[in-house]
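# Observations on the model geometry
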Amino acid sequence: MQQILAPLQSGVMSVTTGIQDDFAVLTNLGKTKQENNQLKAKVAELTRENIELQQKVLAGLRYQELEKKFNAPEIWNMQTVGATIVDRDPSNWYYTITINRGSADGVVVNDCVITNAGLVGKVIAVTNHTADVVLILDSEGEVSGMVRQSDGSPVYGVLQSNYRHGPIGSQATLEMSVPKADNVKPGELVLTSGKGGVFPKDIPIGTVQNVVLQKGGLLKTATITPLVKFDRLEEVFVVHSGGR
Amino acid sequence: MRYLGIAVLYVLGLVLQSTLFNFLKVGGVKPDLVLLLVIYFAFTNGPVKGALLGLGLGLLEDFFIGYYFGMNALALLVSGFVAGWFETVMYKENIFIALFVTFLASLIAQTVTIFCGITAGLGWQLPDSWNTALKIAIYNVCLVPFTYPFFHKAITKGWLRYRPRHEE
């Protein structure tokens, strides 16, 4: 009996379900219209985002093309050679190290020296098998730096050692003067700007520790804590300038 | 023998400053062991010998460092002369006087260095440099109780004692 009625039941069920759905559409018409409007707005928003992303991708591609043409000094394009620190300056007034790589290894004066953490300094003298490196903490180790603001625009400045030490175990910090109007904030990353022809672009240097207004009122001084722990440094990489 | 001993102490001081004391920095500074050697020698041998030793060891240190030649030579010459002057007017056996002379001569040596550095166009800021100089002088003074008695004993009775040629 059940087997005989089964097709009929199925047919009725499908018809009633259809009618129920139609009634549901009719009763929820207002709600459906609202959802439709929301979805349309969402589509518009996603379309706008999609266009923006496409523009950014295109800008990135254009940048890469320009970089190839202008040979932008990016660290990632360059050859490096590992070196061990064999000596440090005996005095308290200079921040230099001696490494066990020299002209025999292709090291030349003004080669940039880095670690995985960030910028260390530059080569100032070379022998066959050693090289002297002036650290960015030295007064002669000035670097052209850049802070990338939240809107993407860069703030440029020259980083100089201030020879200011904190308590036991701490190391000297760097200072950078920036215009008062620029919105440099504590915690922001400072990178090399690539300007000056010695240091390649975008090597991390340190983070902004604090920003104070100078006495004149036109500039602010940003104190920067280097990322590299110079007192604990054992190995470094020398970036070959021949790769630039 | 005496000057060989000074040479050994000098090399030892320079090596320790370049290596071990980088890990024993206090407030970002390490002691100046070569300066201590010059001060001790001057305080026990007078201003002329002290100044000459300071000049000689300073020149060697300038060669070792390799730039701003003459800066250490001048600083050690002046501090050697000042520490040596105290030899003529004060008791060199007294550890407290040795502490005072070490502090003063260290401060003078660092002052000369700062003056030379700023004159040479190095970007040293005066207040921070003074702070560093003061810390170096204090660190040097802290080492005096552990080093000066041995040096004084060696230079008056021991292996650093001056021996006329007929005694050798």
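What this report covers is the structure whose coordinates are included nearby.

## Observations regarding the overall build of chain B
On a plain count of helices and strands, chain B comes out with six helices and zero strands. Taking 15 Å as the expected radius of gyration for a compact globule of 168 residues, we find that chain B reaches 15 Å, a close match to that expectation. The buried share of chain B, reckoned over its 168 residues, is 52%. Long-range contacts, defined as pairs at least 24 residues apart, comprise 69% of the intrachain contacts of chain B with a sequence gap of at least 6. Taken as a whole, chain B presents about 8,100 Å² of accessible surface, with 74% of it coming from carbon and sulfur. Across chain B, the 11 positively charged side chains and the 8 negatively charged ones have centroids separated by 7 Å.

## Some points on the pairing of strand β7 (residues 154-161) of chain A
All names here are of chain A. Side chains Val155, Gly157, Leu159 and Ser161 of β7 all project onto a buried face; the interleaved residues Pro154, Tyr156, Val158 and Gln160 project onto a face where none is buried. In terms of strand pairing, strand β6 (residues 143-148) meets β7 through six bridges, oriented antiparallel. Residue pairing in the sheet places Arg148 in a bridge with Pro154 of β7. Bridge analysis of β7 against strand β8 (residues 174-179) gives three bridges, and the strand direction is antiparallel. Directly across from Ser161, in β8, lies its bridge partner Leu174.

## Comments concerning the sheet that holds strand β3 (residues 112-114) of chain A
Residue and element names in this part refer to chain A. Pairing is antiparallel around the closed barrel formed by six strands, whose spatial order is β1-β2-β5-β4-β3-β12. On average, adjacent strands in this sheet sit at an angle of 45 degrees to one another, irrespective of strand direction. Bridge analysis of β3 against strand β4 (residues 119-126) gives three bridges, and the strand direction is antiparallel. From the neighbouring strand, Ile114 faces β4, where its bridge partner is Leu119.

## Focus: the environment of Thr102 of chain B
Residues and elements named next belong to chain B. As for its placement among the helices and strands, Thr102 is situated in helix α5 (residues 95-119). Accessibility expressed as a relative area gives 1% for Thr102, which makes it buried. C-alpha separation for the pair Thr102 and Phe43, spaced 59 residues apart in sequence, amounts to 9.0 Å. For Thr102, the contacting residues outside a window of four places in its chain are Leu36, Ile39, Tyr40, Asn140, Val141 and Val144.

## Looking at helix α4 (residues 71-89) of chain B
Relative to the 27 Å expected for 19 residues at 1.5 Å per residue, α4 of chain B spans 28 Å between its end C-alpha atoms, a close match to the ideal helical length. Turning to α4 of chain B, its buried residues number three or more, namely Met71, Asn72, Ala73, Ala75, Leu76, Ser79, Gly80, Val82, Ala83, Gly84 and Phe86 of chain B.

## Topic: the interface of chain A and chain B
The figure often quoted for interface size is the accessible area lost as the parts come together. Each side of the interface is counted separately: chain A has 24 residues, and chain B has 29 residues. For the pair chain A and chain B, the two sides together bury roughly 2,400 Å², of which 53% comes from carbon and sulfur. When the area that chain A buries against chain B is broken down by residue, the three leading residues are Pro90, Trp93 and Tyr94 of chain A, summing to 33%. Tallied by class, the residues present in the side of chain A that touches chain B amount to eight nonpolar, nine polar and seven charged.

## Some details on the pairing of β6 of chain A
Sheet topology note: the β6 of chain A/strand β9 (residues 189-192) of chain A ladder contains three bridges and is antiparallel. Considered in β9 of chain A, the bridge of Val147 of chain A is made with Val190 of chain A.

## Thoughts on the side chain of Ser129 of chain B
Mapped onto the elements of the fold, Ser129 of chain B is located in helix α6 (residues 126-156). According to the relative accessible area criterion, Ser129 of chain B is buried, its value standing at 1%. When near neighbours in sequence (up to four residues on either side) are disregarded, Ser129 of chain B contacts Trp93 of chain A together with Ile114 and Trp124 of chain B.

## Quick look at helix α1 (residues 2-18) of chain B
In this model, α1 of chain B (17 residues) spans 25 Å end to end at C-alpha, consistent with the 24 Å of a helix rising 1.5 Å per residue. All of the buried residues along α1 of chain B are Arg2, Gly5, Ile6, Tyr10, Gly13, Leu14, Gln17 and Ser18 of chain B.

## Focus on the sheet that holds β6 of chain A
An order of β6-β7-β8-β11-β10-β9 (chain A) is seen for the six strands of this closed barrel, with the pairing classed as antiparallel. Pairwise comparison of adjacent strand axes, ignoring direction, gives a mean angle of 40 degrees for this sheet.

## Considering the packing of helix α2 (residues 33-45) of chain B against helix α3 (residues 47-65) of chain B
Residue and element names in this part refer to chain B. In the contact formed by α2 and α3, the axes pass within 8 Å of each other and the chain directions differ by 165 degrees. In terms of orientation, α2 lies roughly antiparallel with respect to α3. By crossing handedness, the relation of α2 to α3 is classed as right-handed. Seen from α2, the contacting residues are Val34, Leu37, Val38, Phe41, Ala42 and Asn45; seen from α3, they are Lys49, Gly50, Leu53, Gly54, Leu57 and Glu61.

Parameters and conventions
Residues numbered from 1 in each chain as written. Chains lettered and ligands numbered in written order. Predicted model: local features only at pLDDT ≥ 70, side-chain atom pairs only at ≥ 80, totals over all residues. Heavy atoms only, no water. Helix = DSSP H or I, 4+ residues; strand = E, 2+ residues; numbered from the N terminus. Rg over C-alpha atoms; globule rule 2.2 N^0.38 Å. Buried < 20%, exposed > 50% of the residue type's maximum accessible area, 1.4 Å probe, protein only. Contact = heavy atoms within 4.5 Å. Areas by Shrake-Rupley, 256 points an atom, 1.4 Å probe, with all protein chains shown as cover. Lys, Arg positive; Asp, Glu negative; His and termini not counted. Charge placed at Lys NZ, Arg CZ, Asp CG, Glu CD. Pairing = 2+ DSSP bridges. Axes fitted to C-alpha atoms, helices over the stretch in contact; angles between N-to-C directions. Expected span 1.5 Å × (residues − 1). Buried area = accessible area lost by both parts, 1.4 Å probe. Nonpolar A, V, L, I, M, F, W, Y, C, P; charged D, E, K, R; others polar. Parallel < 35°, antiparallel > 145°, perpendicular 65-115°, else oblique. Left-handed = near helix turned anticlockwise from the far one by under 90°.

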